[in-house]
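Observations on the three-dimensional arrangement
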Amino acid sequence: MSNRRRLLLGLQFVVAGAALAAVVALVDWPAAAGVWAAADLRWLAAAWLLSLAGFLPAALRWTRLLAAVGLHYPLLAAYRAYLVGVFCGLAMPGVIAGDAARIWLCSREARAPLALATTTVVAERALGVAALLAILSLGSGIVGGDAAAGVPAWLPGVCLLLVGALLTLPRCLRWLDDRWPAAAAVPPSLPAALIARLRAVTGALRRIGTAGLLLALVLSLTFQLIDIIVVHAIGRALAIDLGLPVLLVTMPLVHLATVLPLSPGGLGVREGTMAFVLAQSGVSSSAAALLALTVFLNRVLVGAVGGLAHLAGGGRLADASGGGQRPGAAAAAVVGQRSPPAGRRPGD
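It should be emphasised that the depicted structure is a prediction, and the values quoted were computed from it without experimental measurement.

1. Some words on the packing of helix α9 (residues 210–237) against helix α12 (residues 285–311)
Interhelical geometry of α9 versus α12 gives an angle of 120 degrees and a closest axis separation of 10 Å. Comparing the axis directions of α9 and α12 gives the class oblique. Considering how the two elements wind past one another, α9 and α12 form a crossing that is right-handed. The segment α9 lies against α12, with Val-230, Val-231, Ile-234 and Gly-235 engaging Leu-291, Thr-294, Val-295 and Asn-298.

In structure tokens, the structure reads:
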């Protein structure tokens with residue numbers, strides 16, 4: 001590891017430690033001990049099980065995007081990859097480590113080209129951001145007042161523009177691909193390798209149709225709403241009065257804050273954002289901080305399942321093509337080495 005990367009990682013741990021210390025300082029620990037002792041374990045267990053179940057729509061979203069580019073990845077394998085990603089993301093910056101783990105597993109088990117696996121994960125993240133903005137827009141419209149004071153009024157418009165751009169992106173990329181020069185016709189000033197790389201990066205998105213992206217967006221909304229219900233259940237377990245409309249504002253802001261690699265696994269940033277936003281909604285600082293820490297502990301337990309799944313994971317899948325297009329053939333079509341079948345283009 002280079003000195004620069006060591007310094008960056010050290011700064012991220014400093015940010016995590018400072019943010020987490022600030023949250024811990026808000027907690028009234030004698031009262032918190034009583035709250036945890038009286039916590040309803042049924043609600044906590046339900047929250048943990050729902051957290052595990054919540055990755056099913058996310059895994060289905062990923063398998064559908066992979067299928068659109070000619071790759072077969074079983075739903076159970078994708079679900080396991082998500083849990084392993086949570087485990088890896090607990091100790092690494094932001095969501096990058098979790099995504100990298102999923103890409104690696106997909107590439108190893110399904111023999112998926114890295115360009116295809118990576119681009120589908122990037123598409124997932126873009127759809128996830130669009131879903132978070134949609135939920136945030138809905139929540140700010142319902143709640144209003146101080147709880148939504150920091151949410152800009154133009155957010156719904158930005159959300160609609162982002163969704164529209166995502167749904168029309170494949171068609172725009174196919175239009176652009178028809179006008180890109182072939183590798184042999186690229187002038188010396190534009191390296192052919194750069195053109196081929198750009199085609200490989202955008203190839204998966206060209207092959208995902210609008211209907212597939214719309215289904216993926218619905219699954220993204222389902223995934224995020226389940227996470228909000230999980231936090232609500234943890235609040236019920238701790239006897240912290242939280243309305244679902246308040247969480248429609250809080251949780252999108254929390255997740256958007258942790259997308260940035262400011263600290264390992266978003267530690268401290270997640271808890272600090274949650275405590276701050278909930279405090280604006282009338283929840284006491286101590287209760288908000290205690291809830292944030294309990295949500296983190298629930299995530300650790302989910303990550304532990306991912307760690308066990310990783311240890312118990314099998315080897316390469318015997319045949320990931322599953323009757324669909326072979327991964328090598330899909331990759332060739334994506335990078336332009338082989339054109340898709342004649343007739344209607346994928347996704348039209």
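2. Regarding unusual backbone geometry
A positive phi is found at Arg-111, a non-glycine position, where the angle reads about 55 degrees. Given a relative accessible area of 43%, Arg-111 falls into the partly exposed group. A positive phi angle, close to 60 degrees, is found at Ala-239, a residue other than glycine. Note that Ala-239 resides in the loop between α9 and α10 (244–259).

3. Describing the environment of Ala-309
Position of Ala-309 relative to the elements: it lies in helix α12. For Ala-309, a relative accessible area of 18% gives the class buried. For Ala-309 and Leu-83, which are 226 residues apart along the polypeptide, the C-alpha to C-alpha distance reads 7.5 Å.

4. Examining the packing of aromatic side chains
Any two aromatic rings considered together are summarised by their centre-to-centre distance and by the angle between their planes. Going through the model one piece at a time under the given rule, you end up with 5 aromatic pairs. Judged by centre distance (6.1 Å) and plane angle (50 degrees), the ring pair of Trp-29 and Trp-36 falls under tilted. Relative accessible area serves as the criterion here: at 37%, Trp-29 is assigned to the partly exposed category. With 6.3 Å between their ring centres and 90 degrees between their planes, Trp-62 and Tyr-82 make a pair best called edge-to-face. In this pair, Trp-62 sits in helix α3 (residues 41–68) while Tyr-82 sits in helix α4 (residues 75–89), placing the two residues 20 residues apart along the sequence. Through a chain of ring-to-ring contacts, the aromatic side chains of Phe-55, Trp-62, Tyr-73, Tyr-82 and Phe-223 assemble into a single cluster. Across from the ring centre of Trp-62, 4.7 Å away, lies the NZ or CZ of Arg-102, which sits over that ring. Its guanidinium or amino end placed over the ring of Tyr-82, Arg-102 lies 4.1 Å from that ring's centre, counting from NZ or CZ.

Parameters at a glance
Residues numbered from 1 in each chain as written. Predicted model: local features only at pLDDT ≥ 70, side-chain atom pairs only at ≥ 80, totals over all residues. Heavy atoms only, no water. Axes fitted to C-alpha atoms, helices over the stretch in contact; angles between N-to-C directions. Helix = DSSP H or I, 4+ residues; strand = E, 2+ residues; numbered from the N terminus. Parallel < 35°, antiparallel > 145°, perpendicular 65-115°, else oblique. Left-handed = near helix turned anticlockwise from the far one by under 90°. Contact = heavy atoms within 4.5 Å. Buried < 20%, exposed > 50% of the residue type's maximum accessible area, 1.4 Å probe, protein only. Phe/Tyr/Trp six-rings, centres within 6.5 Å; stacked < 30°, edge-to-face > 60°. Lys NZ or Arg CZ within 6 Å of the ring centre and 35° of its normal.

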